[in-house]
Amino acid sequence: MIKNCNLIDMAGTFQQPRDLLVEGSKVKEVGEHIPEQKGWEVIDAAGRLVTPGIIDPHSHLGVSGTGNREGNDTNEMTSPVTPGLRGLDAIDPSDPAFGAALRNGVTTIVTGPGSANLIGGTFAAVKTVSGENPNLTIEECVLKEEAVMKMALGENPKFAYGKRQKQPATRMMSAALLREQLMRAREYRQKWEEYQRKTAAGEETKPFERDLAMHSLMRVFDGMNCKIHCHHAVDAMTAIRIAEELGLRYTLEHFSDCYLLIDEIKKHNCRVIIGPLFYGKNKLESHRKSLKSAGILEKNGIPFSVMTDCGVIPVEGLLVQMALLIKNGLSWEGALKAVTLSAAQLNDIDDRVGSLEPGKDADIVIWNVEPFDTMSQAGVVIIDGKVRYVKKDGGPETDYIGL
Amino acid sequence: MLLIQNCNLVNMAGIYEQRRDLLVEGTKVREIADKIEPQPGWEVIDAAGRLVTPGIIDSHAHIGLTPTGVGDFDGNEYTNPATPGIRGLDALNPADPAFDVALKNGVTTVITGPGSANVIGGTFAALKTYGKTLDEAVINPEICMKTALGENPKFAYGKNRGKAPATRMMSAAIFREQLMKARDYRAKWLEHKAKLDAGEEAGEFSYDLNMHSLMRVFDGMMVKIHCHQADDIMTAIRISEEFGLRYTLDHCTEGYLIPEKLKEHNCRVIIGPIFGAKSKFELKHKSMNAGRILEENGIEFSVMTDNPVIPMEGLLMQLALLHKHGMSRETALKAVTINAAKNVDLEGRLGTLEPGKDADIVIWNVDPLDTMSDAGIVIIDGKVRYEKKEEEIDVDYKEL
């Protein structure tokens, strides 16, 4: 039990004194006063701010490696369409960045392939428990093995391939390859459904020729979210056009120009994950990127979350980034929502995380110093109902542990 | 004359958070006193008790060469690992939108130039952060010679182009060979020049642009040595001492692991960027604790952005994070004022607010080390160059 919380549960309670009861790995009860029972472990939040664990909705942590090049498995730059790949298969739980995440109150990350490929493969949602024990296997850390399908438009695929005289060299080819793959996947899915129907009905049917890539990609026609990397307005509109043509669920990731296309976003009911906003603008497509975009999205009621794209911004930078967004017009409440509930909803993991409610995962942070301050400090971090990190007295520990 | 009244002044020369008035004449500080009576005709700004500091100095960046918002840039001359004859000045684009952001964040002087692909990359320029053309802004077109050790030259040449250097041995050898040649060239040049000055027959001199540039490091031009790993730091020290060079250790990422060595060799250190991904092996031990540990060991240092690695708006945030990890506030302010000026041979003009020095002054609406830091008024060379408006949340980039 965690008593005397100044609780924000992202489910209606905003900075109210509450007690919070955890059973196993789930939240059991949230109440004004929960009488202690014998045998319970009790933590006294002593009036400190208590929030759901922070979620980084788009990252390459665990896949990109920290402190070396050999561990960098972010981009399979051998073919521009690789839907059969899974970020899951490349995540290294012993990456010290998991520890940095944990000590900064980030309890879930959604990580996977980069944006060199038009279709890169799936992202996994992972708890940062290996931040406490780097010897865990990925099975012991994963929340959802394949949460969303990563896609990318814009400059990155063109430069990854076109520069090497391969396809795509232009945005036209990028869009064409993407549509072609999706159309093939749609046909494949029909054949697969037909095959399944026949076998279930006991009918004669030829053996089905499986294609790993298509078998993976066809899931976007069953509602798997497409995580579409785009910066420039042009690429965002292309993403919307293709997604609507093929009936896909999607989020627009990065979307540097989002604040210039508010009407379009509203018209097409787009959902957006912006960021990273705190780094150099090293490409033409991201040159209009603005710290003001979060405040503008909030003001217009558009569902959005904020990413680090770790290691573009290291995971420990997520909170600092939110502080800069608040400085540039985003509300404090909006900032917290962006990296808790919205982050979960836009990755289809909100059945488990993103808010503190009975039945959901007990991923809880008790803050010594509030999250969106440069001096932010997570005092106690609980994941799946167990304390994974307690800040000891002395200097800050938000940095990487000695390697 | 410009009078700034009621400053809560930190002048980095003995006055720390004291109430003062500050008088500017032309481009220089004229007087600092408890109270200065305004005279008719003077422009008067009331700091109203706000913190007033010298303008912030970024002692190592690539602003203007690696401009914000375009993929094509002029940061690195990837055709030859030794290019001492080239000048960052010649690729500097003052239209880089990052200058505007720098100004709005209280950064008044930047030191910028070539990247770290080359073992000897060329010279850096020092400039103020205002002005449409370079001749307005530049205060020293060639202030130091950029060099680099470690992984970048190896990957730029050995890995990507199949050329030398492919190893650290070759990087150091190229560095030393160039210095040896420059030293010999300088001796020949001085002899030739002596003859000319004495009116004697001097004969023809075979000019070499690269050597003519590099030889200046034997006349005291600061050598800026990019190095991350402890062994690269020691190589930098070893070579510099062999050739009697004045040098700064830039990044000095693992410097906090060998502070006794830095002290022993009286090294000048510029740390940063501390905030960023550890994308290569030599960054493995990059740590926010570096500021605190260097301070504890009595080592004076400045802090860089390496813009655009950390964008200009990140310099203050980086200091705040170092402060969070135990570095004192005073050291944080020193790191981007007087220590930065000293590390780039500009302490004669910059880094403190004292009579006779440049009137580069920031009046802070919100403390520089605060998350919500806010430079209210930025004065460069005695004139207000930026003033934060009431409803403005515009520390971000202008519409392009």
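Residues numbered from 1 in each chain as written. Chains lettered and ligands numbered in written order. Predicted model: local features only at pLDDT ≥ 70, side-chain atom pairs only at ≥ 80, totals over all residues.

Asks: Give a description of the interface of chain B and chain A that names residues and reports values.
Replies: In this complex, chain B contributes 34 residues to the contact, which on the side of chain A involves 33 residues. Taken together, the residues of the side of chain B that touches chain A sort by class into 16 nonpolar, 13 polar and five charged. (Contact = placed C-beta atoms within 7 Å. Nonpolar A, V, L, I, M, F, W, Y, C, P; charged D, E, K, R; others polar.)

Asks: Kindly report on helix 8 (residues 318–327) of chain A, identifying the contributing residues and their values.
Replies: In terms of burial, helix 8 of chain A is a largely internal element, ten of the ten residues being buried. Taken together, the buried positions of helix 8 of chain A are Leu-318, Leu-319, Val-320, Gln-321, Met-322, Ala-323, Leu-324, Leu-325, Ile-326 and Lys-327 of chain A. Those residues of helix 8 of chain A that are buried lie in contact with strand 6 (54–59), strand 7 (106–111), helix 7 (293–299), strand 13 (304–306) and helix 9 (332–338) of chain A together with helix 9 (315–324) of chain B. With its phi angle positive at about 120°, Gly-329 of chain A sits one or two positions after the end of helix 8 of chain A. (Buried ≥ 20, exposed ≤ 12 C-beta atoms within 10 Å, placed from the backbone. Helix = DSSP H or I, 4+ residues; strand = E, 2+ residues; numbered from the N terminus.)

Asks: Any details on the pairing of strand 1 (residues 2–8) of chain A? Residues and values, ideally.
Replies: Residue and element names in this part refer to chain A. Two strands pair when backbone bridges link them, and strand 1 and strand 4 (residues 43–44) are joined in this way by two bridges, in the parallel orientation. What sits directly across from Ile-2, in strand 4, is Ile-43. Where strand 1 folds back on strand 2 (residues 14–23), the antiparallel hairpin that results is connected by five residues, among which Met-10 adopts a positive phi of roughly 55°. Direction of pairing for strand 1 relative to strand 5 (residues 49–52): parallel, over a ladder of two bridges. Following the sheet pairing, Leu-7 is matched in strand 5 by Val-50. (Pairing = 2+ DSSP bridges.)

Asks: Explain unusual backbone geometry to me, and be specific about the residues and the numbers.
Replies: Across the chain, the bulk of peptide bonds are trans and the bulk of non-glycine residues have phi less than zero. Cis geometry is adopted by the peptide bond preceding Gly-311 of chain A, which originates at Cys-310 of chain A and carries an omega value of 10°. Tracing the chain through its elements places Gly-311 of chain A in the loop between strand 13 and helix 8. Residues Gly-272 of chain B and Pro-273 of chain B are joined by a peptide bond in cis, for which omega reads -15°. Inspection of the secondary structure puts Pro-273 of chain B in the loop between strand 12 (268–271) and helix 8 (290–296). Positive phi, normally seen in glycine, also occurs at Asp-306 of chain B, with a value near 60°. Using a count of 24 C-beta atoms within 10 Å as the deciding quantity, one classes Asp-306 of chain B as buried.

Asks: Run through helix 5 (residues 233–246) of chain A, naming residues and quoting values.
Replies: All names here are of chain A. The end-to-end C-alpha distance of helix 5, which contains 14 residues, comes to 20 Å, matching closely the 20 Å that a straight helix rising 1.5 Å per residue would cover. Among the residues making up helix 5, those that are buried are Asp-235, Ala-236, Thr-238, Ala-239, Ile-240 and Ala-243. Where helix 5 is buried, its residues meet helix 3 (171–200), strand 10 (225–230) and strand 11 (250–254). Residue Gly-247 follows helix 5 closely and has a positive phi angle near 70°. (Expected span 1.5 Å × (residues − 1).)

Asks: Outline the sheet that holds strand 12 of chain B, supporting the account with residue identities and numerical values.
Replies: All names here are of chain B. Spatially, the eight strands line up as an open sheet ordered 6-7-8-9-10-11-12-13, and their pairing is mixed. The sheet is open, and its two borders are formed by strand 6 (56–61) and strand 13 (301–303), each paired with just one other strand. The sheet shows a mean angle of 25° between the axes of neighbouring strands, direction not considered. Sheet topology places strand 8 (residues 120–128) next to strand 9 (residues 138–148); six bridges connect them, and they run antiparallel. Within strand 9, the position partnered with Phe-124 by the bridge is Cys-144. (Axes fitted to C-alpha atoms, helices over the stretch in contact; angles between N-to-C directions.)

Asks: Would you mind going over the sheet that holds strand 11 of chain A in detail, with residue names and values included?
Replies: Residues and elements named next belong to chain A. An order of 6-7-8-9-10-11-12-13 is seen for the eight strands of this open sheet, with the pairing classed as mixed. The open sheet has two edge strands, strand 6 and strand 13, and neither has a second partner. Going from strand to strand, the sheet's axes swing by 25° on average, the running direction of each strand aside. On top of the sheet, helix 8 reaches strand 6, strand 7 and strand 13; it is set at about 125° to strand 13, its chief contact.

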